[in-house]
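Each chain, written out:
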Amino acid sequence: MATGRTFSVIHGPAANRLRRLATYASVSVAALLIWLETGSVALLSSLVDSLLDAAASLVNLVAVRHAMSPADREHRFGHGKAEPLAVLGQSAFITGSAMLLLAEAVRRLIWPVRVENPPAGIAVMIFSVVVTIGLVLYQRHVVRRTGSIAITADELHYRSDLVLNASVIAALVLGAALDVPILDPLFGAAIGIWIVYSAVRLARLSLFQLMDHELPDDEREKIRAIVQSHPDVTAAHDLRTRVAGPTAFIQIHIEMDGALSLVRAHEISDEVEAKLRAAYPNSEIIIHQDPEGIEEPRSNFPRRVAAR
């Protein structure tokens, strides 16, 4: 899950370059894996998925490039949500195509058709598995370094392709060996269900960011520990976090000795921010300073949430 990943990642030109290379690799692999289908529903499902991969990867390429655009007058918080928006659109598109695949599988269950040219199909699928493994390994490397949700979604999609391709190989081998035409649409239907499952996961991934979901509890506790490790910070409250693309947004109130000068309080706040930025380099941080022991209106959130 996207909200569970760490945000101690690289940023700036190096991260942008990795994101661009990952999208280029994804588009190239998707284009490479679009081939003529052999009459098998299982292999047709792979062809459909490869076409979807190409479309989704192109959308990712555009979304990632837009998300990397710096903040401007109309978008003061940047363009990071372009990534989850693209992922949400992809998941809807993928689900629709999977429904068409399931409909074709049902048609073949009612009117079975013999699978044609299974050896060629098996060779194509083995090649597809090898290429996809290479792409997934590279995408996982990029996700670890950049935290990009769009690349995360692409990696999840191609990981599901590995299961899809293995199922297609099984369908072609068993269909040819046993001469049971019904196996092909059964595998095709199973693959369609798998694609829908993956699409739902992608949609959930994007909604976490679009709905400004909090960081996981362990990340929030880490932030609180960093803040309260400063010797002049007596307490911290009203921690709020959210994520937009690879960027984490952190807001927190810190309590200090009320007798401190405004200049010293500002210095302490800067020191706390520097500690947080060292742990979360690609983040936007807002710190509010409160004098210790002064009651102030708290947020409207339930106490158990606001106190975290």
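As a reminder, the structure under discussion sits directly above these lines.
Cut-offs used in this document
- Residues numbered from 1 in each chain as written.
- Predicted model: local features only at pLDDT ≥ 70, side-chain atom pairs only at ≥ 80, totals over all residues.
- Heavy atoms only, no water.
- Pairing = 2+ DSSP bridges.
- Helix = DSSP H or I, 4+ residues; strand = E, 2+ residues; numbered from the N terminus.
- Salt bridge = Lys/Arg side-chain N within 4 Å of Asp/Glu carboxyl O.
- Buried < 20%, exposed > 50% of the residue type's maximum accessible area, 1.4 Å probe, protein only.
- Core = buried A, V, L, I, M, F, W, Y, C linked by side-chain atoms within 4.5 Å.
- Contact = heavy atoms within 4.5 Å.

Moving on to the pairing of strand E3 (residues 283-291). Pairing analysis gives nine bridges linking strand E2 (residues 247-256) to E3, with the strands arranged parallel. When the bridges of E3 are listed, His 253 appears paired with His 288.

With that settled, the discussion passes to the pattern of salt bridges. Under the definition given, this model contains seven salt bridges. As a salt-bridge pair, Arg 264 and Asp 232 come within 2.9 Å of each other at their nearest N and O atoms. With Arg 264 in helix H8 (residues 262-279) and Asp 232 in the loop between helix H7 (217-228) and strand E1 (235-244), this pair connects stretches of sequence that are 32 residues apart. Residue classification places Arg 264 among the partly exposed residues on the basis of a relative accessible area of 25%. Since its relative accessible area comes to 28%, Asp 232 is described here as partly exposed. Measuring nitrogen to oxygen at the nearest pair gives 3.3 Å for the salt bridge that ties Arg 264 to Glu 267.

On to the nonpolar core, then. One finds Ile 223, Val 227, Ile 252, Ile 254, Val 272, Leu 276 and Ile 287 to be the most contacted residues of the largest nonpolar core, which totals 20 residues. Looking at this core, the elements with two or more residues in it are H7, E1, E2, H8 and E3. Broken down by element, this core gets its largest block of residues, five residues, from H8. The contacts of Val 227, once residues within four sequence positions are left out, are Val 233, Ala 236, Ile 252, Ile 254, Val 272 and Leu 276. Ile 94, Ala 98, Ile 191 and Ile 195 belong to the second largest nonpolar core, which has 10 residues in total.

Shape descriptors only; they carry no functional weight alone.
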